[in-house]
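Reading the structure
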Amino acid sequence: MNLYIVVEGRRTEKKVYPAWLSILIPELTRVDWPDEVSSKSYYLFNGNGFPSLLHNHLANSIEEINELGTFDYLVLVMDVDETSIEFRKQEVLEFIDEQNFSLPESTELVIIPQDKCLETWFLGNRNIFKSNPNRADLIEYVRFYNVKQNDPERMGVFDGFNTHAQFHSEYCKEFLRERNIRYTKVNPQGVTEETYLNELIKRSMETEHLSSFKSFIEFCDNLKEKIKTTTANNG
C-alpha cells in the first residue's frame with residue numbers, strides 16, 4: 001500500500017503530516033524519493049501553496065505515478081481558504097479534466113480539504129483552550145468566536161485580517177502561546193504530539209465539529225484496515 005502525498009503548505013504540513021501519520025498508520029514508512037517505494041510506504045511532496053500545487057506540480061506528480069506504477073493513492077492536501085470544501089474539490093477535478101490528466105486504474109485520487117486551514121484544526125483542542133486568557137489579543141479573539149464551544153471550521157474573519165487563514169493562524173498562535181507553546185509555521189511545537197492529535201480526534205468523534213479533519217481521520221482508519229487485511233491475507 002503506497003501513497004503519493006502532495007501537501008499545499010510550504011512549511012507546517014511537511015512536519016505535521018509525517019508526525020501524525022507515524023501515529024495513525026505506523027505501518028507506513030516515509031521514503032525520500034518516489035522510486036524508493038516498495039510496500040507500505042509513502043512519499044510526501046510540498047506543492048508550494050495553492051494554486052501552485054495544481055498549475056506547477058500536479059502534472060509532474062501524475063507523470064511520476066504513471067511511470068512508476070507503484071502507488072495506490074494520490075493524496076492532495078489543501079486549504080479551503082475563502083471557498084468551500086465542495087468548490088475546492090470541484091476546482092481540482094475540473095483542472096485535472098481540462099488538462100486531460102489520467103491516473104493508472106490502480107491509483108485512487110483522494111482530496112483532503114483543510115477547512116479553512118491546518119491551524120483551524122489545531123484550534124479544536126479543548127484541553128489547550130484557556131477559559132480566562134491573559135493576552136489582550138486572545139481575549140478579543142475569544143469574544144469574537146469561542147473555539148471551545150463552537151466549531152473552529154465555522155469561524156469567520158476578525159477585523160483587520162484579510163483571509164480566514166490569516167486570522168485562524170494568528171488565533172492559533174495566541175491560543176497556544178497562552179499555554180507557553182511557541183508555535184510557528186516553521187516550528188509547529190505541540191501540535192505534532194500524540195496527546196494533541198488524540199484530543200482533536202476525540203472532539204471530532206464526540207461533536208459535529210471539525211468535519212474536514214474527521215474525513216482525514218476516517219481515510220487513515222480505512223487505510224490502516226486495508227493494510228491489516230492485506231497483511232493477514234498474505235500471511
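The structure reproduced in this document is the subject of the present report. (Residues numbered from 1 in each chain as written. Predicted model: local features only at pLDDT ≥ 70, side-chain atom pairs only at ≥ 80, totals over all residues. Heavy atoms only, no water.)

1. Structural notes on the overall build of the chain
Rules: Secondary structure elements follow DSSP: runs of H or I of four or more residues count as helices, runs of E of two or more count as strands, with numbering from the N terminus. For the radius of gyration, the atom set is restricted to C-alpha positions; the globular benchmark scales as 2.2 Å times the number of residues to the power 0.38. Exposure classes here rest on a 1.4 Å probe applied to the protein chains alone. A residue is buried below 20% of its type maximum, exposed above 50%, and partly exposed in between. In this description, contact between two residues means that some pair of their heavy atoms is separated by no more than 4.5 Å. For every accessible area listed, the method is Shrake-Rupley and the probe measures 1.4 Å; residues are considered covered only by the protein chains on display.
Counting its secondary structure elements, the chain contains eight helices and five strands. Tracing the chain from N to C terminus, the helices and strands come up as β-α-β-β-α-β-α-β-α-α-α-α-α. By the compact-globule yardstick of 18 Å for 235 residues, the chain fits well, its C-alpha radius of gyration being 18 Å. With the C-alpha coordinates aligned to their principal axes, the bounding extent of the chain is approximately 55 × 40 × 30 Å. Within the span of the chain, comprising 235 residues, buried residues form 49% of the whole. Pairs at least 24 residues apart make up 74% of the contacts formed inside the chain by residues separated by at least 6 positions. Here the chain displays about 11500 Å² of accessible surface, and carbon together with sulfur accounts for 44% of that area.

2. Focus: the packing of aromatic side chains
Keep this limit in mind: Aromatic pairs are defined between Phe, Tyr and Trp rings, using the six-membered ring for Trp, whenever the two ring centres lie within 6.5 Å; interplanar angles under 30 degrees are classed as stacked, those over 60 as edge-to-face, and all others as tilted.
With the rule as written, the count across this model stands at 24 aromatic pairs. An angle of 20° between the planes, with centres 6.1 Å apart, marks the rings of Trp-121 and Phe-216 as stacked. In this pair, Trp-121 is assigned in helix α4 (residues 118–122) and Phe-216 in helix α8 (residues 211–234), connecting sequence segments 95 residues apart. Considered together, Trp-121 and Phe-216 belong to a single accessibility category, that of buried residues. Measuring from ring centre to ring centre gives 5.5 Å for Tyr-141 and Tyr-171, while their planes differ by 40°; the resulting arrangement is tilted.

3. Observations concerning the side chain of Glu-119
Topologically, Glu-119 is positioned in helix α4. Residues within four places of Glu-119 in sequence aside, it is in contact with Thr-12, His-168, Ser-169, Cys-172, Tyr-183 and Lys-185.

4. Concerning the environment of Asn-66
Condition: Between N or O atoms, a polar contact is any pair within 3.5 Å; within protein, one atom must be a potential hydrogen donor and the other a potential acceptor, and residues adjacent in sequence are included only when both atoms are from side chains.
For Asn-66, the location among the structural elements is in helix α2 (residues 52–68). Apart from the residues within four sequence positions on either side, Asn-66 is in contact with Ser-102, Leu-103 and Pro-104. Looking at Asn-66, its side chain comes within polar contact range of the main-chain oxygen of Ser-102, at 2.9 Å.

5. Observations concerning the side chain of Asn-125
Among the structural elements, Asn-125 can be located in the loop between α4 and α5 (136–144). The buried category is assigned to Asn-125, whose relative accessible area is 3%. Discounting chain neighbours no more than four positions away, the residues touching Asn-125 are Phe-175, Tyr-196, Glu-199 and Leu-200.

6. Re the packing of α5 against helix α6 (residues 164–177)
Using the following cut-off: To get an axis, a line is fitted to the C-alpha atoms, and for a helix only the part in contact is used. The angle between two axes follows their N-to-C directions and goes from 0 to 180 degrees. Working definition: roughly parallel below 35 degrees, roughly antiparallel above 145 degrees, roughly perpendicular at 65 to 115 degrees, and oblique for all remaining angles. Here a crossing is taken to be left-handed if its near helix is turned anticlockwise relative to the far helix by less than a right angle, and right-handed if that turn runs clockwise. For this classification, Asp, Glu, Lys and Arg are treated as charged, while Ala, Val, Leu, Ile, Met, Phe, Trp, Tyr, Cys and Pro are nonpolar and the rest, including Gly, are polar.
Where α5 contacts α6, the axes come no closer than 10 Å and their chain directions differ by 120°. One finds that α5 runs oblique with respect to α6. For the element pair α5 and α6, the recorded crossing hand is left-handed. Seen from α5, the contacting residues are Asp-137, Leu-138, Tyr-141, Val-142 and Phe-144; seen from α6, they are Phe-167, Glu-170, Tyr-171, Glu-174 and Phe-175. Of the residues contributing to the contact of α5 with α6, the split by class is seven nonpolar, no polar and three charged.

7. Details of helix α3 (residues 85–98)
Side chains three or four residues apart in an α-helix point the same way, a direct result of the helix having 3.6 residues per turn. Under the convention used in this document: Expected helix span is taken as 1.5 Å per residue step, with the number of steps being one fewer than the number of residues. Note: the arc covers the axis-to-C-beta directions of the helix.
Between its terminal C-alpha atoms α3 stretches 20 Å, which fits the 20 Å expected from 14 residues at 1.5 Å a residue. Every buried residue of α3 is accounted for by Ile-85, Arg-88, Val-92, Phe-95 and Ile-96. Seen along its axis, α3 keeps its buried residues to an arc of 110°; they face one direction. Facing away from the buried surface of α3 by more than 90 degrees, the exposed residues are Glu-86, Asp-97 and Glu-98. In this fold, the buried residues of α3 make contact with α2, β4 (73–79), β5 (108–114) and α8. Looking one or two residues past α3, Asn-100 carries a phi angle of roughly 55°, positive in sign.

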